[in-house]
Amino acid sequence: MDPILGDCSLAKLRARTSHKWRTYDPDVLPAFVAEMDFDPAEQIKDAIRAAVAAGDLGYPHKGDLGEAFAYFASGRLGWSPDPDLVYAIPDVMTGITEVIQALVRPSGGVVINPPVYSPFFFRVQLAGRRIVEAPLAVAPDGSYDLDLDALDHALGLPGTGAYLLCNPHNPVGRVWSREQLIAIAELTDRRGVPLLVDEIHAPLVLAGARHVPFHTIDHPAARRAIVFTSASKGWNIPGLKCGIAVAGDREGAAILTQRWDGLLASHLGVHASVAALRGAWPWLDAAVRQIDENARLLAVLLAEHLPGVRYQRPQASFLAWLDCRGLGLGHDPAAKFLTAGRVALSPGEDFGVQGDGFARLNIGTSPDLVTEAVRRMAAAVAGQQAPRG
Ligand SMILES: Cc1ncc(COP(=O)(O)O)c(C=O)c1O
């Protein structure tokens, strides 16, 4: 592993007290929540140390976040957002929820593409809006794609008030093409449905794939869309509580401005995000290389130890969506992996009924821990008790 990422030693990781490391007993290997195991980037640590030393721990001010994000987006994503239209928010899901409340009337529908990140269901419903499913299409080889007919149908249903698109997609790891995004812009425009785009995984696009930022689509609907992203996923700092919302036009900006008091980021998170976006590119490169290597390694390990699992390498990010239906472990294979293998994956059903028989494995770690996760899963399948530790 690149030394910039640390060594992911279990002894050090188990000293962490985050959700990932405190939810299960110490003998369980956690590979569920989307948090990576790498050491933080030095630039982020320096920024936090400097803020603490200066006593700069007050309520947030956006500061240079707009310029820093525009710098990153133009250098890495081929996108030049207006820094004035970049907003600090506490996290992506809170930003999405606030904007949905602004755009969709109570009990109105929000279209999503399951299997998809479980808080999409949870937060929309908690906000008193309805989920409208336009499931992804699945090819015979198990690969996923957008189903534009299903999407158009969902957009046209009475009461549909917004579409929440996930690109890159969690958990299936797809990045959608420019042509697909143009088609989405066209459909939402025709149906008059506002669009929210979650691009939180965009900094982690893997070799061979290309993320197309929605705002680079040449279509009026693209300019009306509100995009949500962050440094928190790419640089692994979700606990610092700073996400980013990017409005495409003055109306989107007005929604975010009006709700500013419900969208206060952590000031430390703003500092850390600016440092990451401006200077921690070598760290990001190392993380992407490692995830890519792990994604390839996982294919080899599964073929050898768990040939009943179907897996397509993700195009982005560190989440592997595993079709475990061939293992005969029932609806919730993650439950079996946990009890019999002492490895915690995310249950597929959390991502919608389409996830029945699936599980999501976090590979944002060392090759050794990916190998250990598969060893424990295989031990669970073989009905053996994995050694504890
Ligand atoms: C697609 C997607 N959106 C949002 C989030 C959560 O982001 P935040 O912690 O900023 O709300 C995640 C976390 O894994 C995610 O995968």
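The structure displayed is predicted, hence computed values, not measured ones.

A. Local environment of the nonpolar core. In this structure, Tyr163, Phe214, Trp235, Leu298, Leu322, Phe337 and Leu361 are the most contacted members of the largest nonpolar core, which totals 101 residues. In terms of residue count, the dominant contributor to this core is helix α12 (residues 281–305) (11 residues). Val92, Phe121, Leu196 and Ala245 belong to the second-largest nonpolar core, a separate cluster that totals 29 residues.

B. Broad picture of the site of the ligand. Taken together, Ala34, Asp91, Val92, Met93, Tyr117, Cys166, Asn170, Asp198, Ile200, His201 and Lys233 make up the full set of residues near the ligand. The separation between an oxygen atom of the ligand and a polar side-chain atom of Asp91 is 3.3 Å. In this structure, a nitrogen atom belonging to the ligand sits 2.5 Å away from a side-chain N or O atom of Asp198. Considered on its own, the ligand offers 390 Å² of accessible surface; in the complex 92% of this is hidden by protein. Residue composition of the shell around the ligand, grouped by class: six nonpolar, two polar and three charged.

C. Region of interest: the packing of helix α5 (residues 92–103) against helix α6 (residues 119–126). Running from amino to carboxyl end, α5 crosses α6 at an angle of 40 degrees, the nearest separation of the two axes being 10 Å. In this view, α5 runs oblique relative to α6, as classed from their interaxial angle. The hand of the α5/α6 crossing is right-handed. Seen from α5, the contacting residues are Met93, Thr94, Thr97 and Ile100; seen from α6, they are Pro119, Phe120, Arg123 and Val124. In the contact of α5 with α6, the residues fall into five nonpolar, two polar and one charged.

D. Spatial organisation of the sheet that holds strand β15 (residues 358–362). Overall, antiparallel pairing links the four strands, which are arranged β11-β12-β15-β14 in an open sheet. Strands with a single pairing partner mark the edges of an open sheet, and in this sheet they are β11 (310–311) and β14 (346–347). Pairing between strand β12 (residues 319–323) and β15: five bridges, direction antiparallel. Bridge pairing in β15 links Leu319 to Asn362. Of the strands in this sheet, β14 and β15 touch helix α13 (residues 333–341), which is tilted by about 55 degrees from β15.

E. Highlighting the sheet that holds strand β8 (residues 195–198). Taken in spatial order, the seven strands make up an open sheet running β2-β10-β9-β8-β7-β3-β4, and their pairing is mixed. Sheet topology places β2 (86–89) and β4 (130–133) at the edges, where each strand pairs with a single neighbour. Neighbour-to-neighbour, the strand axes of the sheet open up by a mean angle of 25 degrees, direction not taken into account. By the bridge criterion, four bridges tie strand β7 (residues 160–166) to β8 in an arrangement that is parallel. What sits directly across from Leu164, in β8, is Leu196. Running at roughly 150 degrees to β7, helix α7 (residues 148–156) makes contact with β3 (109–112), β4 and β7 of the sheet.

F. The pattern of salt bridges, seen in detail. Summed over all chains, the structure comprises 21 salt bridges. Of the charged contacts, one joins Asp64 and Arg278 as a salt bridge, the two residues approaching to 4.0 Å between their closest N and O atoms. In this pair, Asp64 sits in the loop between α3 (42–53) and α4 (65–77) while Arg278 sits in helix α11 (residues 267–279), placing the two residues 214 residues apart along the sequence. Across the pair Asp189 and Arg224 runs a salt bridge whose closest N-O atoms are separated by 2.4 Å. With Asp189 in helix α8 (residues 178–191) and Arg224 in helix α9 (residues 220–224), this pair connects stretches of sequence that are 35 residues apart.

Procedures and definitions
- Every chain is numbered independently, its residues counted from 1 as its sequence is written.
- Only residues with pLDDT of at least 70 are given local features in this predicted model, and only at 80 or more are side-chain atom pairs given and counted; all residues enter the totals for whole chains, interfaces and linings.
- Excluded from the side-chain calculation are hydrogens and water; included are all heavy atoms of the structure.
- Take the buried Ala, Val, Leu, Ile, Met, Phe, Trp, Tyr and Cys residues and link them wherever side-chain atoms come within 4.5 Å; each set so joined is a nonpolar core.
- The rule is simple: take the accessible area with a 1.4 Å probe, protein chains only, and divide by the maximum for that residue type; under 20% is buried, over 50% is exposed, in between is partly exposed.
- For the purposes of this entry, the term helix denotes a DSSP run of H or I that reaches at least four residues, the term strand denotes a run of E that reaches at least two, and both are numbered from the N terminus.
- Think of it this way: one heavy atom of a residue within 4 Å of a molecule or strand is enough to make that residue near it.
- Pairing of N or O atoms within 3.5 Å defines a polar contact, subject to two protein rules: one partner must be a possible hydrogen donor and the other a possible acceptor, and residues neighboring in sequence count only if both atoms are side-chain atoms.
- Areas reported as accessible are Shrake-Rupley estimates using a 1.4 Å probe. Residue values count occlusion only from the protein chains shown.
- The residue classification treats Ala, Val, Leu, Ile, Met, Phe, Trp, Tyr, Cys and Pro as nonpolar and Asp, Glu, Lys and Arg as charged. All others, Gly included, are polar.
- Here, axes are lines fitted to C-alpha atoms. For helices the fit covers the stretch in contact, and angles between N-to-C directions go from 0 to 180 degrees.
- Between 65 and 115 degrees an angle is taken as roughly perpendicular, under 35 as roughly parallel, over 145 as roughly antiparallel, and anywhere else as oblique.
- Crossing handedness follows the turn of the near helix against the far one: under a right angle anticlockwise gives a left-handed crossing, and clockwise gives a right-handed one.
- A contact between two residues is defined here by any heavy atoms of the two lying within 4.5 Å.
- When DSSP finds two or more bridges between a pair of strands, those strands are recorded as paired.
- A pair is scored as a salt bridge if a Lys or Arg side-chain nitrogen falls within 4 Å of a carboxyl oxygen belonging to Asp or Glu.

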